[in-house]
Each structure stands twice: as structure tokens, then as C-alpha cells.
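Given next are the chains, with one letter for each unit.
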There are 4 protein chains.
Amino acid sequence: MSKPSFATDYEEGAHPAILKRLVETNLEQSVGYGLDPVSESARDRIRTACACPQAAVHFLIGGTQVNTTMLDALLASYEGVVAADTAHVALHEAGAIEAGGHKVLTLPGTNGKITSEQVDEFCSIAEADGSRDHMVFPGVVYLSQPTEYGTLYSLDELERMRTVCDRHSLRLYIDGARLAYALASPANDVTLPDLARLCDAFYIGGTKCGALLGEAVVVPDPNLIPHLFTIIKQHGALLAKGRLLGIQFDELFRDDLYLRIGKPALKAADALRALFKQVGLKLAFDSPTNQTFVVLENQQMERLAKLVEFDFWERADATHTVVRFATSWATRMEAVEALRQELLG
Amino acid sequence: MSKPSFATDYEEGAHPAILKRLVETNLEQSVGYGLDPVSESARDRIRTACACPQAAVHFLIGGTQVNTTMLDALLASYEGVVAADTAHVALHEAGAIEAGGHKVLTLPGTNGKITSEQVDEFCSIAEADGSRDHMVFPGVVYLSQPTEYGTLYSLDELERMRTVCDRHSLRLYIDGARLAYALASPANDVTLPDLARLCDAFYIGGTKCGALLGEAVVVPDPNLIPHLFTIIKQHGALLAKGRLLGIQFDELFRDDLYLRIGKPALKAADALRALFKQVGLKLAFDSPTNQTFVVLENQQMERLAKLVEFDFWERADATHTVVRFATSWATRMEAVEALRQELLG
Amino acid sequence: MSKPSFATDYEEGAHPAILKRLVETNLEQSVGYGLDPVSESARDRIRTACACPQAAVHFLIGGTQVNTTMLDALLASYEGVVAADTAHVALHEAGAIEAGGHKVLTLPGTNGKITSEQVDEFCSIAEADGSRDHMVFPGVVYLSQPTEYGTLYSLDELERMRTVCDRHSLRLYIDGARLAYALASPANDVTLPDLARLCDAFYIGGTKCGALLGEAVVVPDPNLIPHLFTIIKQHGALLAKGRLLGIQFDELFRDDLYLRIGKPALKAADALRALFKQVGLKLAFDSPTNQTFVVLENQQMERLAKLVEFDFWERADATHTVVRFATSWATRMEAVEALRQELLG
Amino acid sequence: MSKPSFATDYEEGAHPAILKRLVETNLEQSVGYGLDPVSESARDRIRTACACPQAAVHFLIGGTQVNTTMLDALLASYEGVVAADTAHVALHEAGAIEAGGHKVLTLPGTNGKITSEQVDEFCSIAEADGSRDHMVFPGVVYLSQPTEYGTLYSLDELERMRTVCDRHSLRLYIDGARLAYALASPANDVTLPDLARLCDAFYIGGTKCGALLGEAVVVPDPNLIPHLFTIIKQHGALLAKGRLLGIQFDELFRDDLYLRIGKPALKAADALRALFKQVGLKLAFDSPTNQTFVVLENQQMERLAKLVEFDFWERADATHTVVRFATSWATRMEAVEALRQELLG
């Protein structure tokens, strides 16, 4: 791969501190399933970072797995999850939520986001419907922060979503697969303690944010979900060598690394966006995190694909396509520079 | 209930011939689970009516149950069902399809119908999507005939839908909960043999069409679904006293009763529509079967509700509501006349 | 079928009072889904018979359907149901409980029964197991009264089972598919009010006890299961013309018919058992209700099968088979007499 | 942990060659989901080791996850899996198989094994049962090699099991969570090519055999399971950074490391067994792999627990307990020696 690649944000391995710790502790023996002291240390660091000392924290392996497990844990059998029509759970999990028995109740998203007003109206109409008892009850609101489009919910938006959730007895769940890139963004005003205060459950993404794999689920009220350990096991989501996840999050939350780890991605993304504007490429919309969406005329896309790796996102119209450039914690400015050389010559 | 009622088409009991036969045979002993001679006779009559002598025919109890069982039988675990966003399986089955593990992939309907062009485009885009293997595969097209809005697919439309299904390796399934009201409509050009020729499975509705309860599932290729009997049992859909269903369909298909049973409903519905036009009520759209949708100004709706029972359907806008008037095989013209007296009297 | 038949207890139709009521009310219009006045009357009669005025009562269609729906409603996702290895839910529901996501945790039964001591020991071992969190938690105890072998739990046995359930935080659920034959037995000391007092949920069987179809679920604490109506709908178990079920239970509980309706079955079963003893046939065990299990030498079985219909039950050994003779509310003594003539002739 | 520990075989990290490769390739960019060149290389090595060039090979994360995913892929909705009552899928997966909709049909195991005769008899009885269509159909035989008790199936036993599977149209699936310890055992005569020839699917365990995590699923007939990639995704079992699994299996199958990696475990286990016999501890049965089961008088167990870590297995009787000692690829003979010093002083 000699071309610079911005295809996804999970193309590299792990932050060096993680690999170092793995090597150092490799032949130490420890009990499995996350009951080891390192996992306990990682949980404590996360509780501290979330200012939520009583939170239950579980380490799972990947995003689809976490979403399936947690929505199953949060939803009653007659409930579904409200989400943007572009949400990962709605489109790109191969029907995992439905395989777990739950409907995804979609609302039209705007650049990946839905509003508390939309949720409020949807629930109000559902509650007034004479056929309500023949329909799926909304049970959880699913948001992603940042969204699949790299956009952010503001603190005010989340506060209002929480209010609407309380009004309609919904739980609020946030998918933080790329949370480090929200936390690193100057445009973001939502902290980990805010998430812990506002959500019924959320997860802190590791896979895309410096870990080899792994996501940390945070349930601020530890009594909310009885036997979550067993629910995780039943979903095939309990890692035997749980220490592998513990080590990673212990490193990611040592000295607040997680709050900083997204910064190189943001710097590179800003440079990419500036470059695109400079050469006259049209951004689909402003995105304040590590993903940048560009509208390309199709032949232009083909030429560009010879110079750099990016991700096809969606057809805009017969002659235009939206493509995505993703940076990561591991992106080096040299890659952006290489692309600049190609484009500006 | 002294007001005339057009609230639904399942407010009465059964066609008198059915009750008569139940009474006559009440203390005869017969084996269970639909293996009795009367059920066999009913199956044969249905095969004859469908000009499909080899078809597998099973009797189940209600529409949601049939849809859940048959879609589960027709779909692979990684497949979903394509349906109009107004389809019964999409809205009014309390998430039964998802509880069975499958996603409902909705397309925007027009008066309850979707087109073969929509399905073709949806599948073509899905097949071209680079993330296809992370998404639910379309596996079955679900139509209802007549639709939830009382509209009809023409033979030409169904032929084209079949062609699209073949192009994309989809199965075609038709929900015939109100099929008698299609078959009785002068606007209809789709026969039972057409359905047997074009569908992978469909059901002939009993509950809304003269039976106490019961739906007859027809699978034209008897080898399509191995062990369907056991699948039905697993879904709690196997009636112990199967003869109860056999008797009803044996009567409904004796002398082609089923082809005629909807005619009184159509006559009454036509009279209702004429009456509504006469008094200046606005039909939401033209419907050629037993359901009529009327757009009412909200205060007008309240006044009308004092004279006659109908069904709230949906809010049209802040000041208008769509309501439904349903007639049935049992509707007497006296009920329409009574309403005419109230409105014109 | 000229031979007398004791193959099952659901070979006939319905009690004549039910058919009469169906005929009389056939063209009355009523709302669907069990919200009609007759269904409400039936619910009230059942509440009165159970001395449980606050109970939630729902009418479903068949036994497997009720068991699947109610166990799904009563169990958490990480829980399974404890049952005898011969229980209907363990053997003869085509895996419906597992299809709903729950394990059947079997204990060895004795003539269809399990003891509170067995349940207590099973739970105590499970609770002490270091791998407990990797295992299915017992959540519900499933009993049938009478059992699949026609045997009965005594009041004392049920009281002790309740105590064990309380000790281990289990719910108690009783399958009363043949409950009328328990209530009609002189050997029985468990009343409907006892069941309502001791169970978290149970059902009163209609299909095998005088109805065309239908089972009445009783949940003594109406707040135990939120949105049970919707859960029933999601399981495809909500009958559109709910009145059909309401009428049947309204008749079955008018003037306590249900408490008497099993008596002819008991009388005939007693006569059968006396006859079998007289002719030297060996009963597998004493059963006090409408089912009688006989151990036959295989050639003897073949000869007997020419004279009378019975049900193959299980192989006893290489040369012997256990067969079942079932009587019902509709069994006439003439059938027993006819068999007597054949055997003693 | 200063005491020697034989509690489980997944207490350490990974084989050093794996960590070395992870470190060396950490910042290389590669595509996700196992489509990268290293994963492809690992697949090729496994195909070669299995002498099965056409096999589909997929990398998943853990045993419960693999079993759930593969049994779901191999079973029809009306089928269950036949397994020993001590099988991991029967006991220690928190009901994951049932949560996926399938029953585990248990046969009594002997030291973890079931025989082809048992399966043959079970299927023959099921096929002859008049209620067969009301019961779960056996669809897959699940074996583990070595078993949960460390015992081995011989090649002859597996050949006969395959014959029985063919006779009854069953698929054969083998759980190889600890397969390296079978392959390293002098008592073993079953090779990887034998498994590929005899099984419909099996997996090669990584987690317990030298990897940080990961299991390699082998499906010898690549057309057996359409869209297995999507099925894996739907089960939340598709790792984003698939390269992490690819690297591990590429190292484990480089120069046949996997065939040798279990040898230190076997050497240590043999030494443990010799030591136990020397000091008069009673082995529960002879086991030829890395797990050793010892029957201890309860007070003896408590004294021993002060000297060494082991795993409580099950109560033998009121005064005796079975405990397990597990060695692994990482066990050093020093640990056995330390225990010898403690026991023999």
C-alpha cells in the first residue's frame, strides 16, 4: 500500500503503550473473564474519568456486538429502539438487532443526527394511536457520538433528548465507537461525565480509538441491568482472556490518554479539509471530527482513487458520489502531505 | 350497539353454512392437527380452486401468526422481507417479524402498494453496495391483496413483480387476509390460479371473509419448505382440533362460496361511497374493495361518530383526519340505508 | 370410525351450550381482540371462580402457544424454565420454548411429576456453582396439573413447591391443559383459588375440556407482566374475533360448568381401568384422571389395536409397549361398554 | 500469585512469535474484516494443514461465539443439536444456543464423550416416534476434541460417528477449543485432515492454544453455508481489525507450530499425573491431554488449595470433590516442580 490511505479509522494496530504492556505482562497468569486486577484497574480509571464511581463497566469486543447485547439488555421484548435511518444499528449490522428480536424504529436523520423534537413527536403520535397495543413500543433512543457522519450532538441537544426520554419513559443509549474523536474536537462540549449523567448506558470505543479491539460499556446505575455478565456471556461477548481488554483500557485511561488520543486524527482531518477546499473539492457538509465527506463528480472520483485510498459512501446522483476520508489516532501528517503533493503537484 | 357499525370487517361470527356444519358434526371423533378427512377435503377443494393440484395447504389461525410463521419459513437467517411502509407486517404486528429474527425492509407505499420498479431499484442498489455483506439481504417481497388500504394489484403488476423477484432471487409472498374482497371486486383481474402461479406462498384469509377464524396457507411447490408442519407447531400455530379449520374452509370452498362471499361487502361499500359523494364527503382515494377511506374535518368527524361506528385511521393534518369504513360479507344494506337516513334524512 | 376411540381427549367438538351460544349470537357485531362484553363477562366469571377479583385474564388459542407466550413473558433473557423431562414444554412443542430463546432445564420426572425437593436441590447446586454466571439461571418452575401422565399434584405438594420457588426467587407456572379432569377427580384437593393463590400464572385448558379451542391464562397479580396484551399479539396469539373465545369460557364458567365437565371422562376412565384389571391388562401406574396408561406385550397390542383406538406412548422394553387410553367430557359409556363386549364378549 | 496455578489453560497471554509479529506490523495499514493479506495467508496455511484446499476458513473470537454462530448456520429452524450432557454448549454457554433458537438434545456422556451407538439409537427412536413432527429434529452432532474432560475421540470412533450422521442426515460439528492438546497427545490418532474429511464444520482453538484470542472455523465444503460472512457479522462475531486474528493464526500455522505448541502442556500434565499417583491422590479417570481430574476428600482439597491453584469441577459425593488441574502451552516445568516440593517436601 504505497498510496496514502484514509479508507477507515481501523487500519492500524494499537497505541504503542498497549503493545508494550501486552509484551511486558505476557506470561503473567491471571484469572479470566475480566475478573483480573488489571481489568479492575481499568474499570476504576473509567469510573473516575466519568465521575461516576458506582458505574458498572464491562469490556466487550466490537461495536455490533456491544449494540446487540446492550439493546437486548435494555429493551423489553415488546420494545424497539428509536434511531436515525442512517444509524449503524439500522443499516450496517446485518440485522443483528432484529436477530435479537427487536425492531429498529427509524427517524429520518440529518447528517446522522436526530432531534429530541423528532423523538418527542414520534412518541406522542405512538402514544395517541388507537392501535398502539398492536405496535412496537419505543423503548430506547440510540444515538452515536460522533455520528456515522462525523457530526456531534451538543450538550444542550443531549440534555433535551434526556428530557424527552424521561417524558416518554425511554432509556438513552449512546454508541461511542469513535468517541475519542468527539472528545478531541474543539467543537465538542460533551464530556464523559456528561455522558454518564445523561445516558442509561453508553460505550467508549476502543477498536477505532487506539486499541487492537475492545469497547468499554458504561452503565451508570449498576442496578439497572441484573446479571449483565451472564447476558454478555449469552451473546458470545465474554472474552476468556479478559485481561487483554483490561490492559488496553487501563492504558487508554492512564493519564487521560483517551482524551488526547484523537488529536492527531483531528489535526490531519482539518488539514485534509483545508486541502480539499484549496483544490476546489466540495465537502458534503461540515464535520468537526475525524471523518470528512466529499462530493465528487464520478470521473473525478476515479482519478482521485488512483492517488489515495478513500471509502465509497453513497451515490449522490447520477453523476456524483459521496466519498469518505477517515483519519485516525495513527494518521501521520506525512500522509496528508503526500496527498497534497499529488493534488497540488 | 344500535348505531350502524362499519368499524372493521371482523365484527360478526361465521357464514351460516359453517355453523351448521359445526353443529352437525360436533360429536364426531376425528384425529387432530389437520390430519382428519374434512381438512383433507378442504385442502383438495383449495388445490382445485387454485388449479394447483400439488400445492401444500396448511390451515393456521390468524394473520399475524401466518405472516410470522411463513416469513420465518421462507427467509434465511440473514434475509429480511421487503414491504410497503404501511404493510401489516411493518406496522401492526407488534414486532412479530423482528421477534422472529428478521428485519422488515420498508419501501414507501402509495395507497398501500409498492411497485416492481421500487423493488428492482432497492435490490440493485443493495447488490452494488460495497457494504452489502454487512447488511440485511432482501429475501422475500411481501404484498397484500387487497392492501391494507383496500387497493388492488393488477395481474400485470404481479407478473412484473414476479419477474423482479426472479431477477434478484427473491421469493414472493402475498397476504390475502381480505382476499375474498379482491376476488369479488369487478376491478380485480387476479385469480386464485394466478396467485398460485406467481407466488412462492400466499394465504387465503378466512377470519375476515366468513370464517370464525382461520387462514389457509398455500405453498404451490410442496417441496419448497421442508417440515413446514413442524415449523407451524414450533410457532404455536398448529391447532389441536384442526377439523375446526378444515370444516370452515371445506364450506368456504364448497361450490366456490369463497369467490362469491365478498359480494355483499362490495355492494355495501359501493353504496357507502356513493352516499359519501352525495353528501360531499371526500374520499382519500378510490378503493375498489370493501374498505373506504374518507378525509374528515375534525369537528365533522366528531359529529359523524355520533351516528355511525367507523375506524380512526390516521391524522391527515392538524384539522383533518382519515377514517375508515369497512363492510363485510355480513353487512346488510339496511345498515347503509340507516346511515343514509341519518345523513340525508 | 366404527371402533371405539380413546386416542386423545380432543377428538370431538365443543360442549353443546357453546355451539348454541355461537349460533345465537352469530350476527351480533362486537369489537375484536377480546375487548367485547362477552369476553369481559367470561373474565369476570373466571376471576370469581378463582376467588381472585384482580387477576388479569387473557384468552389464547392453544397449549403450545400459551406456554411459549407466557414463559417468554415470565422469564428474563438469561433464565430458563425448570420442568420434568417428560413435560410438554420439554418434549412435544417442537422446540418452541427454545425458539423463544429459553432453555428447558429438565429434572427426571416420576410419572410426570417433579418434587419441590428436586427443584430445591437443583437450585441450591446451581447457586453454589462457581460457573453459575456462565449458566442458565432457573427462572420459572413449570408444572402441569394434571400432568402429561394424568397424575396430580396435591395441595401440600404445591404449597411446598411455592415455598421453594420463594426461596430461590422463581416464578411458578402451571399448565392446565387438562385442568377440568383434575378438578373432576375425587383424588384432587387443589382448587382454582388454590392455583390463583400459589401460581404466578397458570392456564385453564379449554381445547381438551369442552371448548372448540382456547385456553384462559390467569395472572393473579395484574401488574406482574406489563403489556401482556402486546406480548400476546407479538406471539401471533391474539385472536381477531376474540368473542369466539369469550363465548366459550363464558359458557364453561356459567354455573360452574367447568368444575363438572370432566366428570363423564372420569367415570369412563374408571370403568376402563376396572375393565383392564378385570381382563388382566397391566396398568403402568395408577392415574386418577382421564388418562390411563397400560403396559402391553407387543403382539397383545396389535390384537387390541384391531378392537379400539388408543395412543402409542412409549416403548417399555423390547417386547412391551406403553399405550394410553384417554377419555373426555364427550366420552359416552357406550364406548367403554363396546370395548367390554369385545374383550369379554 | 506466588502459588503455582493450574486453574485454567488461558491464564497467560500469547506465544511470543505472535506478539513479535503484532509489534512488527503494528502501524501497517490493512483492510478490515479478515480481507487483508495476512488473514488470507493464515487461511491458506490452515487449508494446507487440513489438506483441504477448497475449505472456507473464518476467524472468530471465542468458543461460545463460534458455537452459537456455527450451530445457527448449520441447523434448520426446526432442528436441535445432539450433544453430551456435559458439553460446553449444554452447560456453560449461558443458554446461547437456545437464545439462538435451538434446543440442545443431550445424551448421557461418559467422561465427556458420547458414542455413535447412542446417537444412532436416539435418532432411530426419534424417527419411529409417532409424535416426531411435534418434536425437535436432531440436525447436528456436537463433539469436542478433546472433550471438556480432556478425553479423546479415536479416529475409528469419529469414522463411525460420521457413518451414523450420514445414516440420519445429520451434520457433524467438532469444537476444537483445545485441539492443540489433542494433536500433541501420543494417545491421539485424529489429524487435521481427518477432521476436514469427517466434519461438516469444526474449529481450531486459538484462545487456549497460544493465541491472545481467536478461533479458526473450517468448513470443508465452501458451498455448505451461503453468506457465512454475513451470518458471522449478524452474530456480532466479525472483528473489525481482522488482521489481529490473521496474524495469530498465520504464526500458529507457520512451520506447523500448532502441531507442537501443546507439547509442553502434555509434558507438564504427565508429570502432574505421575506426582499425584506418587502422593496417593486419586485420578477421576485417565485423561490423555492437558487436563487432569482428581478426586479429593473435602478437607484434603482445602489443604491442597493453600499450596496450588486448581479449579473446582463438581461435587462427587457429600465428602468428596472432583477438581481439575489444567496445563497449557505456557506451563513451565518449574511450576510442577514447585508443587512437588510442596507435596513431597
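Just so it is clear, the structure is predicted and the values come from calculations on it, not from any experiment. (Residues numbered from 1 in each chain as written. Chains lettered and ligands numbered in written order. Predicted model: local features only at pLDDT ≥ 70, side-chain atom pairs only at ≥ 80, totals over all residues. Heavy atoms only, no water.)

Here we look at the sheet that holds strand 8 (residues 282-283) of chain A
Residues and elements named next belong to chain A. The strand order across the open sheet built from 4 strands is 8-9-11-10, with neighbouring strands paired in antiparallel fashion. Single-partner strands in this sheet number two, and they are strand 8 and strand 10 (311-317). Pairing of strand 8 with strand 9 (residues 291-297), which is carried by 2 bridges, proceeds in the antiparallel orientation. Among the inter-strand pairings, K282 is bridged to a residue of strand 9, identified as V295. In the packing of helix 13 (residues 263-278) onto the sheet, contacts are made with strand 8, strand 9 and strand 11 (320-326), and the angle to strand 9 comes to roughly 20 degrees. Against the sheet, helix 14 (residues 298-305) contacts strand 9 and strand 11, and its axis sits at roughly 120 degrees relative to strand 9. (Pairing = 2+ DSSP bridges. Helix = DSSP H or I, 4+ residues; strand = E, 2+ residues; numbered from the N terminus. Contact = heavy atoms within 4.5 Å. Axes fitted to C-alpha atoms, helices over the stretch in contact; angles between N-to-C directions.)

Brief notes about the interface of chain A and chain B
Counting from both sides, the interface comprises 17 residues of chain A and, opposite them, 17 residues of chain B. For the pair chain A and chain B, the summed buried area comes to about 1400 Å², and 52% of that belongs to carbon and sulfur atoms. It is A:H92, A:E98 and A:K103 that lose the most area in chain A upon contact with chain B, and together they represent 34% of the buried surface on that side. In this assembly, chain A and chain B are joined by 2 salt bridges. Ionic pairing is found between A:E98 and B:K103, a salt bridge with its closest N-O pair at 2.6 Å. Mapped by element, the contributors of at least two residues to the side of chain A that touches chain B are helix 4 (88-91) and helix 5 (96-99) of chain A. In terms of residues, the side of chain A that touches chain B owes the most to one element, helix 4 of chain A, which gives 3 residues. (Buried area = accessible area lost by both parts, 1.4 Å probe. Salt bridge = Lys/Arg side-chain N within 4 Å of Asp/Glu carboxyl O.)

Regarding the confidence of the model for chain A
Across chain A, pLDDT averages 96, with 100% of residues at or above 70. Quick note on the complex model: pTM equals 0.97, ipTM equals 0.97. (pLDDT = per-residue confidence, 0-100.)

Some words on the interface of chain D and chain A
Contacts between the two partners involve 43 residues from chain D, matched on the other side by 43 residues from chain A. Here chain D and chain A share an interface that buries about 3800 Å² over both sides, 59% of which is from carbon and sulfur atoms. For chain D, the biggest contributors to the area lost against chain A are D:Y10, D:Q29 and D:K241; these three give 19% of the whole. Here chain D and chain A share 0 salt bridges between them. The interface formed by chain D and chain A contains 24 residue pairs in polar contact (both at pLDDT 80 or more). (Polar contact = N/O pair within 3.5 Å; in protein donor to acceptor, adjacent residues only side chain to side chain.)

Comments concerning the packing of helix 13 of chain A against helix 15 (residues 333-344) of chain A
Residue and element names in this part refer to chain A. Where helix 13 meets helix 15, the axes come as close as 9 Å, and the angle between the chain directions of the two elements is 10 degrees. With respect to their mutual orientation, helix 13 and helix 15 come out roughly parallel. Contacts from K267, A268, A271, L272, L275, F276 and Q278 of helix 13 reach helix 15 at M333, V336, L339, R340, L343 and L344. For the contact of helix 13 with helix 15, the class distribution of residues is 10 nonpolar, 1 polar and 2 charged. (Parallel < 35°, antiparallel > 145°, perpendicular 65-115°, else oblique. Nonpolar A, V, L, I, M, F, W, Y, C, P; charged D, E, K, R; others polar.)

Let's talk about the pairing of strand 11 (residues 320-326) of chain D
Residue and element names in this part refer to chain D. Among the 7 residues that make up strand 11, 6 are buried, leaving the element largely enclosed by the rest of the structure. Here 7 bridges tie strand 9 (residues 291-297) to strand 11, and the two strands are oriented antiparallel to one another. For E297, the partnering residue across the bridge sits in strand 11 and is H320. By the bridge criterion, 5 bridges tie strand 10 (residues 311-317) to strand 11 in an arrangement that is antiparallel. Bridged to R315 within strand 11 is T321. The hairpin turn running from strand 10 into strand 11, its antiparallel successor, is 2 residues long. (Buried < 20%, exposed > 50% of the residue type's maximum accessible area, 1.4 Å probe, protein only.)

Section: the relation of the copies chain D and chain A
Superposing chain D onto chain A takes a rotation of 180 degrees combined with a translation of 0.0 Å along the rotation axis, leaving an RMSD of 0.0 Å. What we have between these two chains is a two-fold relation. Residue by residue, 100% of the interface of chain D is reproduced at the interface of chain A, so both copies engage with the same surface. (Least-squares fit on C-alpha atoms with pLDDT ≥ 70 in both.)

Examining the pattern of salt bridges
Two side chains of opposite charge can pair, provided their charged atoms sit close to one another. In total, this model carries 92 salt bridges over all chains according to the counting rule given. Taking the shortest distance from any N to any O, the salt bridge between A:R21 and A:D250 comes out at 3.1 Å. Placement of A:R21 in helix 1 (residues 16-24) and of A:D250 in helix 11 (residues 243-252) is noted, with a sequence separation of 229 residues between them. A:R21 sits in the buried class, given a relative accessible area of 14%. Exposure remark for A:D250: the relative accessible area of 2% places this residue in the buried category. A salt bridge links C:E309 to C:K3; the nearest nitrogen and oxygen atoms lie 3.9 Å apart. Remark: C:K3 occurs in the segment before helix 1 (16-24) and C:E309 occurs in the loop between helix 14 (298-305) and strand 10 (311-317); sequence separation between them is 306 residues. Assessed through its relative accessible area of 30%, C:K3 is described here as partly exposed. Connected through salt bridges with shared partners, the residues A:R21, A:R45, A:D250, A:E251 and A:R254 form a single ionic network.

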